[in-house]
Amino acid sequence: MSEYAETPRTSLTEGPPGTAPAGRALTVADVLALPVLAAGRPEVVAGATRLDRPVRWVHITELTDPASFLKGGELVLTTGMPLPEDPAGVRRYVDELAEVGAAALVIELVRRYHRPPGPLIQACRVRGLPLVTLAQDVNFLEVTQVVHTLILGSQADAVRRTQRIHEAFTALTLRGAGPEDVVRAAAQMSGRTVVLENLVHQALLCEPSGSTVDEALTGWEQRSRATQDEQAPRTARPEVTGPEVTGSEVTGPEVTGPEGWLVAPVEYQGELWGRVAMLPPPAPSAVFGPQDVTVLERTAMALTIARLIHTTPWERTAHRSALRDLAEQRHRSPADARARLAALGLPTEGTVFLAVLMDTRAPVDGTGLEARLSQELRTTGTAALVGVLAPARLGILLALRPSQPWRSVVEQLGRTALEVDPCAVVSVGSEVMDLARTARSFREASRVAEATRPGRPLTAGRSYNELSDIGLRRLLYALREDTRVQEYAERQLGRLIDHDVRHGTELLRTLRHYLDAAGSKTGAARLGGLSRETVYQRLRTIERLLDCDLESGERRTGLHVALTALDVLREGGAAT
């Protein structure tokens, strides 16, 4: 069997003719699919796996040493007339083309050859140079006109797309956009998932495109570190090719790592701060184009400027955003939440989660409390997210080991908060074992905060409040703005209060003593400093005015609730 017969061939006449998709250079495969070449019945006899090479230009040659006239990236067209006769000369011919970086060699099998020479096939296979044969006569001049028109048109389109990218990022920078807006714009313009990370490989921002947060961030730190492994494959960034571009390695975005991420450095005050990464889609054939490089370059530049404008550390901003999403259940799925928090360095498996809220009189940003608590937790090695949830509310999510007691941790945090603001209210939710249930812990902590008056005396030896502290009075304090509570107090006691106001009596005070004495008339007389006969008389008047029987336990309970609500409302919500 001949050497030629053993060489795999690929037909390219099937399917509709194609051109390069927007955003990437014209490739050998794109050119061979054009009608002007498809008419020659092209057949790939070597280098079929390398048809994705970009075509920078088309070069017609009948010279024995065409490489001296090439710069790289050319599609070389020849009738085969100048090919050397001896195998050594053929190898030298192919070697020179490969070394200069020719995209492919196209030979016409009409004049000198009717089948490609075996030495030519072998030489192209050895050097990985695509070799394409044409079974019919093709007008090479027409090929150059069509391909060059497409290349120049593609370059013009690329210039326009690049201009739009520059304009979009310039507008973001001029309006002082934050990192969230910049990363979101990058993902939208590129159609790729974009992630911003710091130097310790914590993913602070992730804008997924065509994937989920879970898919993008699962195992983030290990995957990110692999992109910096010296053994990981690393290539220069994709190049824009054309008649004036020679193609050389440049600094800036580059494709790196086993997954082929496109990454660019982000600086702060002249020093490396972190990286922004563009992730490839799952399709194995997907590659980054010049437009992706431009987007990531401008993303990194806009982030560098934004880092100077927005002085709040971005790690803190990431914690705030993650806490809000957890508290408000804004994650798309529990898996997304776990992946995002794990990418921030928080343990998510075999962990007990506890929500803590701190409400201050002044805005938290002006107190330094957020930074101080974050530092305390880092010093003690306690995993947690700390962030401002509202102007005067700080949120903390503790991630503790199952054997780790939470009360001592919260006690110290509470003491620090009270040092900063003596009237701060520190509220704790309940422990949860599942990250998806942390919203419940935050809701419980919020209810405790709603039921606690700032400055209220704390239980001895404690700097925080928890659910078990909420009694009737604090529950009514939390509901003090509910008109139904106000209406209930008025409906139960309104006639009694009106009588006291009109006649100067103290029936309401006597009722309070009677209820405080658990329905004992003797106890009520003692508390009020009155005779028993006076108490009896007043109680009968109260029963008449309220049309009730005070011997009824249920009725006394209702009146006690109404009196407590009245106290809370009259004291301006001063719950005790």
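Before reading on, note that the structure itself is shown above.
First things first, this report covers the structure right here in the doc. (Residues numbered from 1 in each chain as written. Predicted model: local features only at pLDDT ≥ 70, side-chain atom pairs only at ≥ 80, totals over all residues. Heavy atoms only, no water.)

### Side note on the overall build of the chain
Part 1 of the reasoning: Along the chain, the regular secondary structure elements total 21 helices and 16 strands.
Part 2 of the reasoning: In the chain, buried positions account for 47% of the 576 residues.
Part 3 of the reasoning: The long-range fraction of contacts in the chain, counting pairs at least 24 apart against all pairs at least 6 apart in sequence, stands at 67%.
Part 4 of the reasoning: A total of about 27500 Å² of accessible surface is found on the chain, and carbon and sulfur atoms cover 51% of it. (Helix = DSSP H or I, 4+ residues; strand = E, 2+ residues; numbered from the N terminus. Buried < 20%, exposed > 50% of the residue type's maximum accessible area, 1.4 Å probe, protein only. Contact = heavy atoms within 4.5 Å. Areas by Shrake-Rupley, 256 points an atom, 1.4 Å probe, with all protein chains shown as cover.)

### Digging into the environment of Ala 342
Part 1 of the reasoning: Along the chain, the position of Ala 342 falls in helix H12 (residues 334–343).
Part 2 of the reasoning: Residue classification places Ala 342 among the partly exposed residues on the basis of a relative accessible area of 40%.

### Some points on the pairing of strand E11 (residues 261–268)
Part 1 of the reasoning: Two strands pair when backbone bridges link them, and strand E10 (residues 254–256) and E11 are joined in this way by 3 bridges, in the antiparallel orientation. In the sheet register, Thr 256 faces E11, and the bridge partner there is Trp 261.
Part 2 of the reasoning: Strand direction decides the pairing type here: E11 and strand E12 (residues 271–279), joined by 7 bridges, are antiparallel. Directly across from Leu 262, in E12, lies its bridge partner Met 278.
Part 3 of the reasoning: Counting the residues in the hairpin turn of E11 and E12 gives 2 residues, including Gln 269, whose phi is positive at 55 degrees. (Pairing = 2+ DSSP bridges.)

### Details of the sheet that holds strand E16 (residues 425–428)
In a beta sheet, neighbouring strands pair by backbone hydrogen bonds and run either parallel or antiparallel.
Part 1 of the reasoning: Reading across the sheet, the 4 strands line up as E14-E15-E13-E16 and stay open at both edges, with antiparallel pairing between neighbours. The open sheet has two free edges, formed respectively by strand E14 (383–390) and E16, since each of these has just one partner strand. Neighbour to neighbour, the strand axes of the sheet diverge by 20 degrees on average, direction disregarded.
Part 2 of the reasoning: Taken together, the 7 bridges between E14 and strand E15 (residues 393–400) define a ladder with antiparallel strand orientation. Bridged to Leu 385 within E15 is Leu 397. (Axes fitted to C-alpha atoms, helices over the stretch in contact; angles between N-to-C directions.)

### Section: the packing of aromatic side chains
Part 1 of the reasoning: Under the defined criterion, the tally for this structure stands at 3 aromatic pairs.
Part 2 of the reasoning: Each ring, one from Trp 220 and one from Trp 261, has its centre 4.7 Å from the other, and the planes form 15 degrees; the classification is stacked. Of this pair, Trp 220 sits in helix H9 (residues 220–226) while Trp 261 is found in strand E11, placing the two residues 41 residues apart along the sequence. Each member of the pair, Trp 220 as well as Trp 261, is classed as buried.
Part 3 of the reasoning: Over the ring of Tyr 268 we find Arg 307; its NZ or CZ atom is 4.2 Å from the centre of that ring.
Part 4 of the reasoning: The ring of Trp 314 has Arg 307 lying over it, and the distance from NZ or CZ to the ring centre is 5.5 Å. (Phe/Tyr/Trp six-rings, centres within 6.5 Å; stacked < 30°, edge-to-face > 60°. Lys NZ or Arg CZ within 6 Å of the ring centre and 35° of its normal.)

### Brief notes about the nonpolar core
Proteins that are soluble and globular tend to have nonpolar side chains buried together.
Part 1 of the reasoning: Counting 47 residues, the largest nonpolar core has Phe 169, Leu 196, Val 276, Leu 303, Leu 341, Leu 385 and Leu 397 as its most contacted members.
Part 2 of the reasoning: The element that contributes the greatest number of residues to this core is helix H10 (residues 290–309), accounting for 7 residues.
Part 3 of the reasoning: If sequence neighbours within four positions are ignored, Leu 341 has contacts with Ala 322, Leu 326, Leu 346, Thr 348, Leu 385, Leu 397 and Leu 435.
Part 4 of the reasoning: Counting 23 residues, the second-largest nonpolar core is a separate cluster that includes Val 31, Ala 103, Val 106 and Val 143. (Core = buried A, V, L, I, M, F, W, Y, C linked by side-chain atoms within 4.5 Å.)

### Re the environment of Gly 89
Part 1 of the reasoning: Tracing the sequence through the fold places Gly 89 in helix H4 (residues 87–100).
Part 2 of the reasoning: Separated by 25 residues in sequence, Gly 89 and Thr 64 place their C-alpha atoms 9.2 Å apart.

### Comments concerning a nonpolar patch on the surface
Part 1 of the reasoning: Nonpolar side chains collect at one region of the surface, where Met 301, Ile 305, Leu 308 and Ile 309 lie side by side and expose about 350 Å² of accessible area between them.
Part 2 of the reasoning: Positionally, Ile 309 belongs in helix H10.
Part 3 of the reasoning: With relative accessibility at 46%, the residue Ile 309 sits in the partly exposed group. (Patch = residues over 30% accessible without salt bridge, like charges linked within 9 Å, V, L, I, M, F, W, Y side chains within 5 Å. Salt bridge = Lys/Arg side-chain N within 4 Å of Asp/Glu carboxyl O.)

### Comments concerning helix H14 (residues 407–420)
Part 1 of the reasoning: Its 14 residues give H14 an end-to-end C-alpha distance of 20 Å, which sits within 8% of 20 Å, the value for a rise of 1.5 Å per residue.
Part 2 of the reasoning: By the burial criterion, the buried members of H14 are Val 409, Val 410, Glu 411, Leu 413, Gly 414, Thr 416 and Ala 417. (Expected span 1.5 Å × (residues − 1).)

### A look at the pattern of salt bridges
Part 1 of the reasoning: For the structure shown, the criterion picks out 30 salt bridges.
Part 2 of the reasoning: The partner of Arg 175 in a salt bridge is Asp 181, and the shortest N-O contact between them spans 3.8 Å.
Part 3 of the reasoning: Exposure remark for Asp 181: the relative accessible area of 26% places this residue in the partly exposed category.
Part 4 of the reasoning: Residue Arg 407 is joined to Glu 466 by a salt bridge in which the shortest nitrogen-to-oxygen separation is 2.8 Å. In this pair, Arg 407 sits in helix H14 while Glu 466 sits in the loop between helix H15 (438–450) and helix H16 (472–478), placing the two residues 59 residues apart along the sequence.
Part 5 of the reasoning: Classification of Arg 407 by relative accessible area gives partly exposed; the value is 39%.
Part 6 of the reasoning: Counted as one network, the salt bridges with shared partners bring together Asp 325, Glu 328, Arg 330 and Arg 340.

### Overview of H12
Each α-helix winds once per 3.6 residues, and so residues spaced three or four apart point in a common direction.
Part 1 of the reasoning: Along H12, the residues that are buried comprise Asp 336, Ala 337, Ala 339, Arg 340, Leu 341 and Ala 343.
Part 2 of the reasoning: A positive backbone phi angle near 95 degrees is found at Gly 345, which sits one or two residues after H12.

### Let's talk about the side chain of Thr 79
Part 1 of the reasoning: Along the polypeptide, Thr 79 turns up in the loop between strand E4 (74–78) and H4.
Part 2 of the reasoning: By relative accessible area, which is 11% here, Thr 79 ends up buried.
Part 3 of the reasoning: Side chain to side chain, Thr 79 and Glu 62 meet in a polar contact 2.9 Å long.
Part 4 of the reasoning: Here Met 81 takes part through its backbone nitrogen, which lies 3.4 Å from a polar atom of the side chain of Thr 79.
Part 5 of the reasoning: When near neighbours in sequence (up to four residues on either side) are disregarded, Thr 79 contacts Glu 62, Ile 107, Glu 108, Arg 111 and Phe 140. (Polar contact = N/O pair within 3.5 Å; in protein donor to acceptor, adjacent residues only side chain to side chain.)

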